[in-house]
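The chain contents come next:
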Amino acid sequence: MSENITKIQHYVWRNYLRAWSENDKIFAFLKKTNDIKRTDLMNVAQQRYFNRFYSFAELEKKFLIHMCDVKGPIKPLLDDLVRDINLFNEIKHSQKEIPPTSPKPLDEFEKNGLEKFHGIIEEYGHKIIACRKIEDLQFFNDSISKFETLMYLCFQYFRTKKQRDSQIENFRDEPLNIENIYSILVIIISARLAQNIYFDPKIRYSLLEISNEKEIRFITGDQPVLNLLADKLDEQGYAKDLIFYYPISPKHAIKIDFTNIGELYQHHYLTDEEVDELNRKIISEYHEFLFSDSHEQLKSYTQHFV
């Protein structure tokens, strides 16, 4: 096996969590042990080979092709992705005929190929996590930066362990093996949603900020991007609308909505009650980890709401 393979793969970007850390140490509430630890960023929101993918059957292949049946600029990119994955899949199946003593040249691609791809998408997030004033949001005026950032946000929403575990459970009794293709599927779904909202003329970008005198801070979790309207469902059980909420530091958060109300870029100072409500949303959606820059605040929330 190649020494270049990254075994520990994070499903929440470490550079994102760094805003809550000091010297790469962060206060984390662990659901499994029901306690708070100050731990290294390397130790949280990660799993061995989390982003690997597997060989898959014909049914999964057809499903991936179906999911790429879209129009617009992303179609060639998705077609290329699925073509390359299908080529890998064919070779993997042919390897079953190779004697066990033969080398496995695709191990690195299987275990690390999408990890590297995920790293590229994470690089798209640098501009948004650096926002600290309303002028910082204006990178959305650039079409490439806009799509890359929306792709990043959609990816951070769908790529988490919570989303993966939820979809595996949803398909448990179905013939489709969603687990084997989820790492690929999350890229396709993210690109499709990013393209849809990219062209929405009602989009509005808001920087949410806590004033200096406030003691309350934003917390985050291992489901860091939320749809604040996720509980408003249609008859098929899908969310009717979308408002992205993304805390980016203990004092700042981003909201992207599609209300067509107000200026394109907005800056809002929040009350304690508004921050508390958003923090409770994070708690209601977390899976295994909650994060804060304060042990006391994390203890207060986990004692009362977890």
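This text goes with the structure placed above it.
Keep in mind that what you see is a predicted model, and the values were worked out from it rather than measured.

Thresholds, definitions, all that
- Residues numbered from 1 in each chain as written.
- Predicted model: local features only at pLDDT ≥ 70, side-chain atom pairs only at ≥ 80, totals over all residues.
- Heavy atoms only, no water.
- Helix = DSSP H or I, 4+ residues; strand = E, 2+ residues; numbered from the N terminus.
- Buried < 20%, exposed > 50% of the residue type's maximum accessible area, 1.4 Å probe, protein only.
- Areas by Shrake-Rupley, 256 points an atom, 1.4 Å probe, with all protein chains shown as cover.
- Pairing = 2+ DSSP bridges.
- Arc of directions from axis to C-beta.
- Contact = heavy atoms within 4.5 Å.
- Polar contact = N/O pair within 3.5 Å; in protein donor to acceptor, adjacent residues only side chain to side chain.
- Axes fitted to C-alpha atoms, helices over the stretch in contact; angles between N-to-C directions.
- Parallel < 35°, antiparallel > 145°, perpendicular 65-115°, else oblique.
- Nonpolar A, V, L, I, M, F, W, Y, C, P; charged D, E, K, R; others polar.
- Core = buried A, V, L, I, M, F, W, Y, C linked by side-chain atoms within 4.5 Å.
- Salt bridge = Lys/Arg side-chain N within 4 Å of Asp/Glu carboxyl O.

Caption draft 1: Geometry of the overall build of the protein chain. A count of helices and strands for the protein chain gives ten helices and eleven strands. For the protein chain, with 306 residues in total, the buried portion stands at 49%. Accessible surface for the protein chain amounts to roughly 15700 Å². Of this, 50% is attributable to carbon and sulfur atoms.

Caption draft 2: Quick peek at the sheet that holds strand 7 (residues 226-227). What the five strands build is an open sheet, ordered 7-8-9-5-10; its pairing is mixed. Of all the strands in the sheet, just strand 7 and strand 10 (265-269) have a single pairing partner and so form its edges.

Caption draft 3: Here's a closer look at helix 7 (residues 161-170). Listing the buried residues of helix 7 in full gives Lys 161, Gln 163, Arg 164 and Ile 168. Down the axis, helix 7 shows its buried residues gathered within 165° of arc, on one side only. Contacts made by the buried residues of helix 7 are with strand 4 (46-48), helix 6 (143-158) and helix 8 (178-198).

Caption draft 4: Inspection of the environment of Glu 60 at higher detail. Residue position: Glu 60 is located in helix 2 (residues 58-67). For Glu 60, a relative accessible area of 4% corresponds to the buried category. Here the alpha-carbon distance between Glu 60 and Leu 176, two residues 116 residues apart in the chain, equals 6.2 Å. Here Ala 57 takes part through its backbone nitrogen, which lies 2.9 Å from a polar atom of the side chain of Glu 60.

Caption draft 5: Structural detail: the packing of helix 2 against helix 8. Packing of helix 2 against helix 8 brings their axes to within 10 Å, and their N-to-C directions diverge by 5°. Our classification of the angle between helix 2 and helix 8 gives roughly parallel. Residues Glu 60, Phe 63, Leu 64, His 66 and Met 67 of helix 2 form the contact with helix 8, whose own contacting residues are Ile 178, Ile 181, Ile 184, Leu 185, Ile 188, Ile 189 and Arg 192. Residues belonging to the contact of helix 2 with helix 8 are distributed by class as follows: nine nonpolar, one polar and two charged.

Caption draft 6: How the structure looks around the nonpolar core. Ranked by size, the top nonpolar core spans 69 residues in total, and within it Tyr 246 and Ile 256 carry the most contacts. Top element by residues in this core is helix 8. It accounts for twelve residues. Residues within four places of Ile 256 in sequence aside, it is in contact with Phe 140, Leu 150, Leu 153, Ile 203, Arg 204, Tyr 205, Leu 242, Ile 243 and Phe 244. Within the second largest apolar cluster, 22 residues are counted, among which are Ile 210, Leu 228, Ile 243 and Tyr 286.

Caption draft 7: Up close: the pattern of salt bridges. Under the defined criterion, the tally for this structure stands at 13 salt bridges. One salt bridge in this structure joins Arg 18 and Asp 24, with 2.8 Å as the shortest N-O distance. Notably, a salt bridge pairs Arg 83 with Asp 80, separated by 3.0 Å at the nearest N-O pair. Of this pair, Arg 83 and Asp 80 both sit in helix 3 (residues 75-94), three residues apart, roughly one helical turn.

Caption draft 8: Region of interest: unusual backbone geometry. For Asn 34, which is not a glycine, the phi torsion comes out positive at approximately 55°. Along the chain, Asn 34 falls in the loop between strand 2 (25-30) and strand 3 (35-40). The backbone phi angle of Asn 260 is positive, close to 65°, even though this residue is not glycine. By the secondary structure assignment, Asn 260 is in the loop between strand 9 (252-257) and strand 10. The exposure class of Asn 260 is partly exposed, given its relative accessible area of 44%.

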